[in-house]
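Fold and geometry: a report
Each chain, written out:
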Amino acid sequence: MLDTHCRKYIQPLIGVGAKIAMKFGLSANAVTIIAMLLGIFSGVLVAFGFNILAVLVLWFSGYLDAVDGTIARKTKSSSPFGTVMDITFDRMVEGAVILGVAYKYSDFSFISLILAVSIIISMTIFLTTGPLAENKGEKTFYYQAGLAERTEGFLMLSLMILLKENAGIVINIFTAMVLFTAFQRFVEAKKILK
């Protein structure tokens, strides 16, 4: 939801990051890989109890995840494989943070597993609808908006990290948001794929 409605306001800041990365000769795919490695590292930081640093690294990873697409559009280097990398690495980052929380706070292992399964369901709908729908935007695939997009996910992951032993309620709310998004995407898929 925030990605869809607020991107135009933060795009200038993302553009600055893209210019800096391009000055260093970084391609969109290189930035995607750096974003993924930082995101996974944030999950490791959570597991070892460096929660504030984990959140900062997670958000820098997310920022770079937006920068890579801007680089690809500016350099006209968007590619189907770049899209595969981007979507796959996004899930790896989410998974790393969820695993880090589940490892550090083992009381939340089961509900963290439910959250992970919910993300799988929502992304399955997202990823099967994309190739079957007409591409209507500047991205290389059809993008289904929903309640729980990347920014909402980062907000919820951050709260999970920062609330430590009290993160259970956030995990449950995040799971509900993801399942609601899956429902939204399923209903939209039914409409657009007739």
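All of these numbers come straight from a predicted model, not from anything done at the bench.

1. What to know about the overall build of the chain
- A tally of helices and strands in the chain yields seven helices and zero strands.
- Moving toward the C terminus, one meets the helices and strands of the chain in the order α-α-α-α-α-α-α.
- Computed over C-alpha atoms, the radius of gyration of the chain comes to 17 Å, within 12% of the 16 Å expected from 2.2 N^0.38 for 194 residues, which places it in the range of a compact globule.
- The C-alpha extent of the chain, read off along each of the three principal axes, is 45 × 45 × 30 Å.
- In the chain, of all internal contacts separated by at least 6 residues, the share reaching a separation of at least 24 is 79%.
- Accessible surface computed for the chain: about 10,500 Å², of which carbon and sulfur atoms make up 72%.

2. Considerations on the nonpolar core
- With 30 residues, the main nonpolar core has Val-101, Leu-115, Met-160 and Ile-161 as its most contacted residues.
- Looking at this core, the elements that each hand over two or more residues are helix H2 (28–47), helix H3 (51–74), helix H4 (80–104), helix H5 (109–132), helix H6 (150–162) and helix H7 (168–192).
- Those residues in contact with Ile-161 that sit more than four places away from it in its chain are Val-46, Asn-51, Ala-54, Val-55, Leu-58, Val-97 and Val-101.
- Of all hydrophobic cores here, the second largest spans eleven residues; its members include Ala-21, Ala-28, Leu-64 and Ile-71.

3. What about a nonpolar patch on the surface?
- Together, Phe-41, Val-44, Phe-48, Phe-50, Ile-52, Leu-53, Leu-56 and Leu-162 make up a nonpolar patch on the protein surface, roughly 820 Å² of accessible area in all.
- When contributions to the nonpolar patch are tallied by element, the ones reaching two or more residues are H2 and H3.
- Along the chain, Leu-53 turns up in helix H3.
- Exposure remark for Leu-53: the relative accessible area of 43% places this residue in the partly exposed category.

4. Points about the packing of H5 against H7
- Running from N to C, H5 and H7 cross one another at 20 degrees; their axes reach a closest spacing of 9 Å. As judged from the angle between their axes, H5 and H7 are roughly parallel. In this structure, H5 crosses over H7, and the sense of that crossing is left-handed.

5. Considering H5
- Compared with the 34 Å implied by 1.5 Å per residue over 24 residues, the 35 Å span of H5 between its first and last C-alpha is a close match.
- Buried within H5 are the following residues: Ile-111, Ser-112, Leu-115, Ser-118, Ile-119, Ser-122, Met-123, Ile-125, Phe-126, Thr-129 and Gly-130.
- Contacts made by the buried residues of H5 are with H4, H6 and H7.

6. So, unusual backbone geometry
- Even without a glycine there, the phi angle at Lys-76 is positive, about 50 degrees.
- Along the chain, the position of Lys-76 falls in the loop between H3 and H4.
- With relative accessibility at 76%, the residue Lys-76 sits in the exposed group.
- Unlike most non-glycine residues, Lys-164 shows phi in positive territory, near 50 degrees.
- Relative to the assigned elements, Lys-164 resides in the loop between H6 and H7.

7. Concerning H7
- With 25 residues, H7 extends 36 Å between its outermost C-alpha atoms, agreeing within 8% with the 36 Å of an ideal straight helix rising 1.5 Å per residue.
- Every buried residue of H7 is listed here: Gly-168, Val-170, Ile-171, Phe-174, Thr-175, Met-177, Val-178, Thr-181, Ala-182, Arg-185 and Ala-189.
- Among the structural elements, H4, H5 and H6 are those in contact with the buried residues of H7.

8. A short note on the packing of aromatic side chains
- By the definition in use, this model includes two aromatic pairs.
- Taking the centre distance of 5.4 Å and the plane angle of 75 degrees together, the rings of Trp-59 and Phe-154 count as edge-to-face. Remark: Phe-154 occurs in helix H6 and Trp-59 occurs in helix H3; sequence separation between them is 95 residues.
- When the centroid spacing of 6.4 Å and the interplanar angle of 25 degrees are considered together, the rings of Phe-60 and Tyr-63 count as stacked. Taken together, the residues Phe-60 and Tyr-63, both in helix H3 and three residues apart, mark about one turn of the helix.
- Judged by relative accessible area, which is 23%, Tyr-63 ranks as partly exposed.

About the thresholds
- Residues numbered from 1 in each chain as written.
- Predicted model: local features only at pLDDT ≥ 70, side-chain atom pairs only at ≥ 80, totals over all residues.
- Heavy atoms only, no water.
- Helix = DSSP H or I, 4+ residues; strand = E, 2+ residues; numbered from the N terminus.
- Rg over C-alpha atoms; globule rule 2.2 N^0.38 Å.
- Contact = heavy atoms within 4.5 Å.
- Areas by Shrake-Rupley, 256 points an atom, 1.4 Å probe, with all protein chains shown as cover.
- Core = buried A, V, L, I, M, F, W, Y, C linked by side-chain atoms within 4.5 Å.
- Buried < 20%, exposed > 50% of the residue type's maximum accessible area, 1.4 Å probe, protein only.
- Patch = residues over 30% accessible without salt bridge, like charges linked within 9 Å, V, L, I, M, F, W, Y side chains within 5 Å.
- Salt bridge = Lys/Arg side-chain N within 4 Å of Asp/Glu carboxyl O.
- Axes fitted to C-alpha atoms, helices over the stretch in contact; angles between N-to-C directions.
- Parallel < 35°, antiparallel > 145°, perpendicular 65-115°, else oblique.
- Left-handed = near helix turned anticlockwise from the far one by under 90°.
- Expected span 1.5 Å × (residues − 1).
- Phe/Tyr/Trp six-rings, centres within 6.5 Å; stacked < 30°, edge-to-face > 60°.

What is shown is where atoms sit, not what they do.
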